Amino acid sequence: MKDKIFGFVTFFLIIALVVANTIILHKSIDEIYDALLGVDIKEGNCEVTKNDVEKILDSLKKKELFMGLTVNHDDLSDIKNEFSELIGYLSVDDAKGAAVVKNRLMDSLSHLRRLSGFNIDAII
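Just so you know, these numbers come straight off a predicted model, no measurement behind them.

Calculation notes
Residues numbered from 1 in each chain as written. Predicted model: local features only at pLDDT ≥ 70, side-chain atom pairs only at ≥ 80, totals over all residues. Heavy atoms only, no water. Helix = DSSP H or I, 4+ residues; strand = E, 2+ residues; numbered from the N terminus. Expected span 1.5 Å × (residues − 1). Contact = heavy atoms within 4.5 Å. Salt bridge = Lys/Arg side-chain N within 4 Å of Asp/Glu carboxyl O. Buried < 20%, exposed > 50% of the residue type's maximum accessible area, 1.4 Å probe, protein only. Patch = residues over 30% accessible without salt bridge, like charges linked within 9 Å, V, L, I, M, F, W, Y side chains within 5 Å. Areas by Shrake-Rupley, 256 points an atom, 1.4 Å probe, with all protein chains shown as cover.

So what's going on with helix α4 (residues 95-115)? Which residues, and what values?
Here α4 spans 30 Å end to end across 21 residues, near enough to the 30 Å set by a 1.5 Å rise per residue. The elements touched by buried residues of α4 are α1 (2-37), α2 (46-70) and α3 (73-91).

Any chance you could break down the pattern of salt bridges for me, citing the residues and the numbers?
Inspection of the entire model under this criterion finds seven salt bridges. Residues Lys42 and Asp40 are paired through a salt bridge, measuring 3.2 Å at the closest nitrogen-oxygen approach. Classification of Asp40 as partly exposed rests on a relative accessible area of 42%. One salt bridge connects Glu85 with Arg104, and the closest N-O pair in it is separated by 2.7 Å. Within this pair, whereas Glu85 is found in helix α3, its partner Arg104 is found in helix α4, the two being separated by 19 residues in sequence. Looking at Glu85, the relative accessible area reads 32%, which means it is partly exposed. Ionic contacts of the salt-bridge type, sharing partners, join the residues Lys27, Glu31 and Lys63 into one network.

Break down a nonpolar patch on the surface for me, citing the residues and quoting the values.
A cluster of nonpolar side chains, Phe8, Phe11, Phe12, Ile14, Ile15, Val18, Val19, Ile23 and Phe118, forms an exposed patch at the surface whose accessible area comes to about 910 Å². As for its placement among the helices and strands, Val18 is situated in helix α1.

Explain the environment of Lys42 to me, using residue names and the numbers behind them.
For Lys42, the position within the fold is in the loop between α1 and α2. The class for Lys42 is partly exposed, based on a relative accessible area of 47%. On a C-alpha basis, the gap between Lys42 and Glu82 in space is 18 Å, while along the polypeptide they are 40 residues apart.

Talk me through the environment of Ile79; I want residue IDs and the actual numbers.
Here Ile79 is to be found in helix α3. Along the sequence, Ile79 and Leu109 sit 30 residues apart, while their C-alpha atoms lie 7.4 Å from each other.

Here's what the structure looks like:
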């Protein structure tokens, strides 16, 4: 009887932790996505935009330890590389290139959010 109780408690604890992880992960990704969505890339405004993007990258780095526990490290590396590329374009005042990289970065964040949710893609 103790084995069955232990099994049920363990099962429900795992389910609760998976749900909590998914909720926290979605919240973290949404914060980064929304902050990046608010970044307006225009010619002549790249230095201010660069500072905003660096703040968003710092936020990602703070959340990376938790995210790295359950998120594919290749996806996280790709996102950090895209942030670096975006900052590089902004450093040389290339607004067109920065806009392209920003769109790729937002797509990568959307992909990460989709994969970290409750769906068949996350399981396979």
